[in-house]
Amino acid sequence: MKVELKNTTKKLCVIGDPVLHSKSPIIQNAIINAFGLDYIYLCQPVPKGEAGRWLECAAYAGYAGFNATMPHKEELVPLMDWLDPVAEKCGAVNTICIKDGKYYGYNTDGGGFLRALGDMGVSPAGKRVLLLGAGGAAKAVAAALSEAGAMVTVANRTVEKAAAICQMDPEHLTPAGFEIDTLCKLSENAHILINCTSLGMAGTESRFADLSFVDALSPTAVVCDAIYAPPETALLRRARETGRPAMNGMGMLLHQAILALEHFTGEPLDAEKAKAAALAALKAEGAV
Ligand code: NAP
């Protein structure tokens, strides 16, 4: 991708370990180009345990901000001068803005998911949600959903991890196990089903052995998968075959990036235009 650099161009990047596989530079530079913003987005490996040193380097080098992926999302939290409510709730940041030598931490994963849900015309307030998984993605989504007023059951193979997530907000979050009978029972009352496990993800062998919990949902329940590769998992296929609205994780991926860029620039962006530019770039690079 061609990027025009000026002396005034502001620097952004993604840090992680590993990070060279990250799609963030493709997505962010495509949006930056589409809106003619004077920014460039780079990829910066930062080893585990070095996030504090990186913060000083980034501020000194004049970075406007950066995104953080594994393993830095939790490590950065105590180093922030300010945290947004979702980042505070889930104890993880993925977007850091640097202004006047101060660090502002946000978590856009959950907010990105909520915006993607909004694209389907679904508002989470007052809804009953069955959330599968209790890893990093599930935690961010649970924090954002509970903050938005949804009642969420977090079902996970390792139930202790679900219980730990639910400590964030016991009023809105309830843990559950992952047995098929449990999932079927919980599905009956759910307005929204979200898969935040890695079951069905490209490059892994693990799949849902039994999808009968999808059939137990009400006919109007919405089914979401955080996975975007493949674009249609067996879970989403089953939902669509049975007439239920379904969305994959691409909207979440793109919206969390758009939200991050809005934080970096301090300007709202036309999300449809941004999504189209990012998706075209991902396709051109063979990244989706
Ligand atoms: P993670 O922290 O490694 O969590 C993995 C989750 O999957 C855990 O809850 C784990 O359960 C569960 N799991 C794994 N294998 C399982 C099996 N055989 N049976 C039942 N449960 C199983 O991963 P993550 O970062 O949260 O990512 C989860 C998924 O979300 C991935 O597919 C990832 O691609 C996707 N994601 C999408 C976006 C997006 O922007 N669209 C962003 C982040 C992640 P245990 O706790 O019992 O191990």
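Let me sum up the structure you'll find in this document. (Residues numbered from 1 in each chain as written. Predicted model: local features only at pLDDT ≥ 70, side-chain atom pairs only at ≥ 80, totals over all residues. Heavy atoms only, no water.)

As for the overall build of the protein chain
Assigned secondary structure in the protein chain consists of twelve helices and twelve strands. Relative to the compact-globule value of 19 Å for 288 residues, the protein chain shows a C-alpha radius of gyration of 19 Å, a close match. The 288 residues of the protein chain split such that 52% are buried. Sequence separation of 24 or more characterises 64% of the internal contacts of the protein chain that already satisfy a separation of 6 or more. For the protein chain, the exposed area adds up to about 13100 Å²; of that, 54% sits on carbon and sulfur atoms. Positive and negative side-chain charges of the protein chain, numbering 26 and 31 respectively, have mean locations separated by a distance of 4 Å. (Helix = DSSP H or I, 4+ residues; strand = E, 2+ residues; numbered from the N terminus. Rg over C-alpha atoms; globule rule 2.2 N^0.38 Å. Buried < 20%, exposed > 50% of the residue type's maximum accessible area, 1.4 Å probe, protein only. Contact = heavy atoms within 4.5 Å. Areas by Shrake-Rupley, 256 points an atom, 1.4 Å probe, with all protein chains shown as cover. Lys, Arg positive; Asp, Glu negative; His and termini not counted. Charge placed at Lys NZ, Arg CZ, Asp CG, Glu CD.)

Comments concerning helix H10 (residues 234–241)
An α-helix turns once per 3.6 residues; consequently, residues spaced three or four apart project the same way. Those residues of H10 not exposed but buried are Leu235, Leu236 and Ala239. When H10 is viewed along its axis, its buried side chains cluster within an angular range of 95° and face the same direction. Residues of H10 that are buried make contact with strand E10 (192–195), helix H9 (212–215), strand E11 (222–225) and strand E12 (246–247). Of the residues flanking the end of H10, it is glycine 243, one or two places downstream, whose phi is positive at about 80°. (Arc of directions from axis to C-beta.)

A few points about the state of the cysteines
Counted under the stated rule, the structure contains zero disulfides. Considering cysteine sulfurs only, cysteine 196 is the nearest to cysteine 166, which forms no disulfide, with 13 Å between them. (Disulfide = S-S within 2.5 Å.)

Considerations on the sheet that holds strand E2 (residues 39–45)
Taken in spatial order, the six strands of this open sheet run E2-E1-E3-E5-E6-E4, and their pairing is mixed. Of all strands in the sheet, those bounded by a partner on one side alone are E2 and strand E4 (82–83). As paired elements, strand E5 (residues 95–99) and strand E6 (residues 102–106) share five bridges and run antiparallel to each other. Directly across from isoleucine 98, in E6, lies its bridge partner tyrosine 103. Contacting strand E1 (10–16), E2, strand E3 (63–68), E5 and E6, helix H11 (residues 250–265) runs over the sheet at an angle of about 10° to E5. (Pairing = 2+ DSSP bridges. Axes fitted to C-alpha atoms, helices over the stretch in contact; angles between N-to-C directions.)

Side note on the sheet that holds E11
If you trace the six strands from one edge of the open sheet to the other, you get E9-E8-E7-E10-E11-E12, paired in parallel fashion. Both edges of this open sheet fall to strand E9 (173–176) and E12, since each of them pairs with a single strand only. Sheet analysis places strand E7 (residues 128–132) next to strand E8 (residues 151–155), joined by five bridges and oriented parallel. Counted as the bridge partner of leucine 132 is alanine 155 from E8. Each of E8 and E9 is contacted by helix H7 (residues 159–166), which is oriented at about 175° to E9, the strand it contacts most. Helix-sheet contacts for H10 involve E10, E11 and E12, and the interaxial angle to E11 is about 165°.

Describing the packing of aromatic side chains
The full count for this structure, using the stated rule, is six aromatic pairs. Ring geometry for tryptophan 54 versus tyrosine 63: centroids 5.3 Å apart, planes at 70°, classification edge-to-face. Joined through ring pairs, the aromatic side chains of Trp54, Tyr63 and Phe66 make up one cluster. We note lysine 11 situated over the ring of tyrosine 63; from NZ or CZ to the ring centre the distance is 5.7 Å. Its end group placed over the ring of phenylalanine 35, lysine 273 keeps NZ or CZ at 4.6 Å from the ring centre. (Phe/Tyr/Trp six-rings, centres within 6.5 Å; stacked < 30°, edge-to-face > 60°. Lys NZ or Arg CZ within 6 Å of the ring centre and 35° of its normal.)

Some details on the pattern of salt bridges
Evaluation of the coordinates by the stated rule reveals eleven salt bridges. Across the pair glutamate 232 and arginine 237 runs a salt bridge whose closest N-O atoms are separated by 3.8 Å. A salt bridge links arginine 240 to glutamate 232, with the shortest nitrogen-to-oxygen separation between them at 2.8 Å. Salt bridges here are not isolated pairs; linked through shared partners, they connect Lys89, Glu147 and Asp169. (Salt bridge = Lys/Arg side-chain N within 4 Å of Asp/Glu carboxyl O.)

Structural notes on the site of the ligand
Within the structure, the ligand sits among 22 residues, and Ala134, Ala137, Asn156, Thr158 and Lys161 are positioned closest to it. Between the ligand and the protein, one listed contact pairs an oxygen atom with a backbone N or O atom of alanine 134 at 2.9 Å. Between the ligand and glycine 136, the relevant distance is 3.1 Å, taken from an oxygen atom to a main-chain nitrogen or oxygen of the residue. When the ligand sits alone it has 920 Å² of accessible area, and the protein chains cover 73% of it. Of all elements in the fold, only helix H6 (136–147) and H11 reach the threshold of two or more residues within the shell around the ligand. Within the shell around the ligand, the residues separate by chemical class into eleven nonpolar, nine polar and two charged. (Near = heavy atom within 4 Å. Polar contact = N/O pair within 3.5 Å; in protein donor to acceptor, adjacent residues only side chain to side chain. Nonpolar A, V, L, I, M, F, W, Y, C, P; charged D, E, K, R; others polar.)

These figures come from the coordinates and say nothing about function on their own.
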